[in-house]
Amino acid sequence: MATTARFLHDPSLQDAANAAGDNYWCAYVPEIADQMGLAVESLAREELCALEGVRVLILPDLPADYLTDAERSAIRGWVHAGGVLVGFATCGLDDLFGVEPVGEIQQTGDPWTYTATLRLTDAELARPLYNEATEDAPLLIFSPVRRIMGGGRELARLLSIDGQDLGGPAISLNEVGQGRACYFAFDLCQTLWALHQGRPVTTDRDGDGYYRMGDAIIIQPFRRDVPYADLLLFLLRNVVALAGEAFIAPLPPTEDGCVPDALFFWGGDDEAAEGTQIPASDWMREQELPYHINIMPHPDGSFGLTREEFARIKANGHDTSLHFNMIEGFEHPHAFGPEDVRRQLEWYQETFGETPVCTVFHWCRWQGWSEPAEWMSEGGIQADNSRIHSGSPPLNPTNLVGYSFGTAFPFWYWADWRSGNRRINFISEQITAYECGYIQNEGTEFSQLHRAIRDAAHWHLTTNLFFHPVLITRFPECKEAVQEAVRFMDELGLTVIHMGNDKLNHWWRSRSAARIEDTPAGPSVVGDWPDGYVIMRRDENGIAELGGVWSYTVVPPGGD
């Protein structure tokens, strides 16, 4: 089936940016589409005058003199005939978007510096994306901004960094004939990419004495409990859905063919604490829950787990993986290298006879931007769970919910300009709810745990419930928190999926590779996930939620 959502990709624009030592941020459009579950293909410049069969066209931040008169005329005619055009700070089509530029906000710092904020305003498409805990929270912009007036229907209001109304829209939707033109006054690609991958870790920015994921977080001093990237992504999905596009939902169906409200993946690090892994795995099995245990080496390459204990965890149906230890035996602050990753991976492979799927770094160590992801991918590892929910201080932020990288969903790592801004075959899984539900040695405290579960249900998230095996084994209040999580899900009447980190990685890869096909018998999905997929599309007879009216259809996996 021909892909009806397209994005303009001009290699000369990317080549020029990369040659100047800059990232070409619009290379991230395929990742944005992947997050939405939307099939999208690039469109060459010579195709701009032949848009038959295209329903959605995404344009990057083109300079004002880029488009020819013939290309502008072709795009205008296509929108008038029913197309949905989306522009990310695009110049040269202001009349079509219905906007009047009145100024600019420059990005005075590095590309990871926020320039402005916005508030979702449209009662139909935008404001329902907030939940009770985040209502009216400003969302962050990480790119230069075109200050505009007009634009037709305002979806989001542009605000200054300190929340002052700047008198115009940040996102607008213009009705044009039978079509629509949606304008983002900023570069959504740069904003989402910056939020997801954060600032390169080249210095100890938070002063905690280590190179860690916390040094990559760019949202301070704003709230950590707002999924900034996800809310912007959901709004874009609502706009694209107006063209009749269908999406593969971010959550798979349950084994019995139901549409889930949320997905929870369970895991924790063993901290090389001997004698704690088996009791934790056995207890989680008694709760009928999946579990993922990251096994940490000592500096001499030994582990606090025998091969027999490793096999016991496997027999419980739980994941086992490597917990990289770049803390012990290193000078700090310290930028570890590929040889350190390779050596510890070899220790794990030699001891346990397999390559881990989804790893984590002790104390969430990191360095550079995407380099560790490339090193791990070269060793056969597929994913990592080190993107922490909250930065320092405190050094170990327990009993907190956070979306410090803007999202709860997995995403693919992308390389910087030095490697042509290509997608790396490696997935990031985010920590979102870290040791929630209790305070060690004090007792239970469920407010943050309940918050994580409500968030997951409202936004249909993939939420990480992170509990260390040593704490499950040694602290009754940790066990009580795990049990309360399940009880509260039941109290809310949620349909949920539980899995470990490895299975989440496999699901996201399957979803990313899958494609929707229209057949005489109805829509199907070409893909390999055993339980099938959920197709969501705008439907006036559907369920009103998240700024849309959606139908959800469970379809079995299929293939060519």
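Predicted model only: the values in this text are computed from it and were never measured. (Residues numbered from 1 in each chain as written. Predicted model: local features only at pLDDT ≥ 70, side-chain atom pairs only at ≥ 80, totals over all residues. Heavy atoms only, no water.)

1. Points about the packing of aromatic side chains
A complete count under the given rule lists 32 aromatic pairs for this structure. With 6.3 Å between their ring centres and 80° between their planes, W25 and W112 make a pair best called edge-to-face. A residue pair is termed long-range when its members are at least 10 positions apart, and W25 in the loop between α1 (11-19) and α2 (29-36) and W112 in the loop between β5 (99-105) and β6 (116-120) qualify at 87 residues. Each member of the pair, W25 as well as W112, carries the same accessibility label: buried. Judged by centre distance (5.9 Å) and plane angle (50°), the ring pair of Y413 and F426 falls under tilted. Taken as a pair, Y413 in strand β19 (residues 411-414) and F426 in strand β20 (residues 423-430) lie far apart in primary sequence, 13 residues in all. With relative accessibility at 0%, the residue Y413 sits in the buried group. The structure contains a cluster of three or more aromatic residues connected by ring pairs, namely F324, F336, F361, W366, W375, F411, Y413 and F426. A cation over a ring is seen here: R387 above W366, with NZ or CZ 5.7 Å from the ring centre. The ring of W412 is capped by R423, whose NZ or CZ atom sits 3.8 Å from the centre of that ring. (Phe/Tyr/Trp six-rings, centres within 6.5 Å; stacked < 30°, edge-to-face > 60°. Helix = DSSP H or I, 4+ residues; strand = E, 2+ residues; numbered from the N terminus. Buried < 20%, exposed > 50% of the residue type's maximum accessible area, 1.4 Å probe, protein only. Lys NZ or Arg CZ within 6 Å of the ring centre and 35° of its normal.)

2. What to know about the pairing of strand β13 (residues 262-269)
Across the 8 residues of β13, 8 count as buried, placing the element largely inside the fold. Judged by which residues are buried, β13 turns out to be covered on both faces: A262, F264, W266 and G268 on one side and L263, F265, G267 and D269 on the other are all buried. Pairing between β13 and strand β25 (residues 496-499): 4 bridges, direction parallel. In the sheet register, A262 faces β25, and the bridge partner there is V496. Looking at chain direction, β13 and strand β24 (residues 462-466) are connected through 5 bridges and run parallel. Bridge pairing links F265 to N464 in β24. Taken together, the 2 bridges between β13 and strand β14 (residues 292-295) define a ladder with parallel strand orientation. (Pairing = 2+ DSSP bridges.)

3. Some points on α1
Among all positions of α1, only Q14, A17 and N18 are buried. Along the axis of α1, the buried residues cluster in a sector spanning 95°; they form a single face. Exposed and facing more than 90 degrees away from the buried side of α1 are D15 and A19. G21 occupies a position one or two residues after α1 and carries a positive phi of about 80°. (Arc of directions from axis to C-beta.)

4. Focus: the pairing of strand β16 (residues 358-361)
Side chains C358 and V360 of β16 all project onto a buried face; the interleaved residues T359 and F361 project onto the opposite face, where all are buried too. When strand β15 (residues 319-324) meets β16, the two strands line up parallel, connected through 2 bridges. Of the residues in β16, the one forming a bridge with H323 is V360. The handedness of the β15 to β16 crossover, carried by helix α9 (residues 338-352), is right-handed. The pairing of β16 with strand β17 (residues 383-387) spans 2 bridges and is parallel. Paired with C358 across the bridge in β17 is A383. In this fold, β16 hands off to helix α10 (residues 371-378), which returns the chain to β17; that crossover is right-handed. (Right-handed = clockwise from strand over helix to strand, strands pointing away.)

5. Looking at helix α7 (residues 277-286)
Buried residues dominate α7, accounting for 7 of its 10 residues. Q277, I278, A280, S281, D282, W283 and M284 are the residues of α7 that are buried. Positive phi shows up at E288, right after α7, with a value of about 60°.

6. Some remarks on the sheet that holds strand β1 (residues 5-8)
One open sheet holds the 9 strands; their spatial order is β2-β1-β3-β4-β11-β10-β9-β6-β7, and the pairing between them is mixed. At either end of the open sheet lies a strand with only one pairing partner, and these are β2 (41-43) and β7 (139-141). Going from strand to strand, the sheet's axes swing by 25° on average, the running direction of each strand aside. (Axes fitted to C-alpha atoms, helices over the stretch in contact; angles between N-to-C directions.)

7. Details of the pattern of salt bridges
Scanning all chains against the criterion turns up 27 salt bridges. Between K314 and E354 there is a salt bridge, with the nearest N and O atoms lying 3.1 Å from each other. Highlighted residues: K314 in helix α8 (residues 307-315) and E354 in the loop between α9 and β16, separated in sequence by 40 residues. Classification of E354 as partly exposed rests on a relative accessible area of 25%. Because the salt bridges share partners, they merge into one network encompassing D122, E124, R153 and R538. (Salt bridge = Lys/Arg side-chain N within 4 Å of Asp/Glu carboxyl O.)

8. Thoughts on the sheet that holds strand β26 (residues 515-519)
A sheet is described by the order of its strands in space; here 3 strands give the open sequence β26-β27-β30, paired in mixed fashion. Across the chains shown, the open sheet's two edge strands, defined by having one partner strand only, are β26 and β30 (557-558). Where β26 meets strand β27 (residues 522-526), 5 bridges bridge the pair, whose relative direction is antiparallel. Looking across to β27, one finds that I516 is bridged to V525.

9. Examining the environment of A262
Among the secondary structure elements, A262 is positioned in strand β13. Setting aside its immediate chain neighbours within four residues, A262 contacts L251, A456, A457, L461, T495, V496 and I497. (Contact = heavy atoms within 4.5 Å.)

10. Some details on the nonpolar core
Among the nonpolar cores identified, the biggest contains 193 residues, and I75, L85, L118, I171, F186 and W266 are the most heavily contacted of them. Of the residues forming this core, the biggest block, 11 residues, is contributed by helix α6 (residues 228-241). Apart from residues no more than four positions distant in its own chain, L85 is found in contact with L57, L59, I75, W78, V79, L93, L96, F97, R180, A181 and C182. (Core = buried A, V, L, I, M, F, W, Y, C linked by side-chain atoms within 4.5 Å.)

11. Digging into the environment of V534
Mapped onto the secondary structure, V534 falls in strand β28 (residues 533-545). Residue V534 is classed as buried on the basis of its relative accessible area, which comes to 1%. When the C-alpha atoms of V534 and L195 are compared, they prove to be 27 Å apart, with 339 residues separating the residues in sequence. Each residue touching V534, except ones within four places of it in the same chain, is listed here: F247, I248, A249, L251, P252, P253, V259, Y552, T553 and V554.

12. Re the packing of α2 against α6
Running from N to C, α2 and α6 point in directions that differ by 80°, and their axes come no closer than 10 Å. With respect to each other, α2 and α6 are oriented roughly perpendicular. Seen from α2, the contacting residues are I32, Q35 and M36; seen from α6, they are D230, L233, L236 and R237. Here the residues of the contact of α2 with α6 are counted per class, giving 4 nonpolar, 1 polar and 2 charged. (Parallel < 35°, antiparallel > 145°, perpendicular 65-115°, else oblique. Nonpolar A, V, L, I, M, F, W, Y, C, P; charged D, E, K, R; others polar.)

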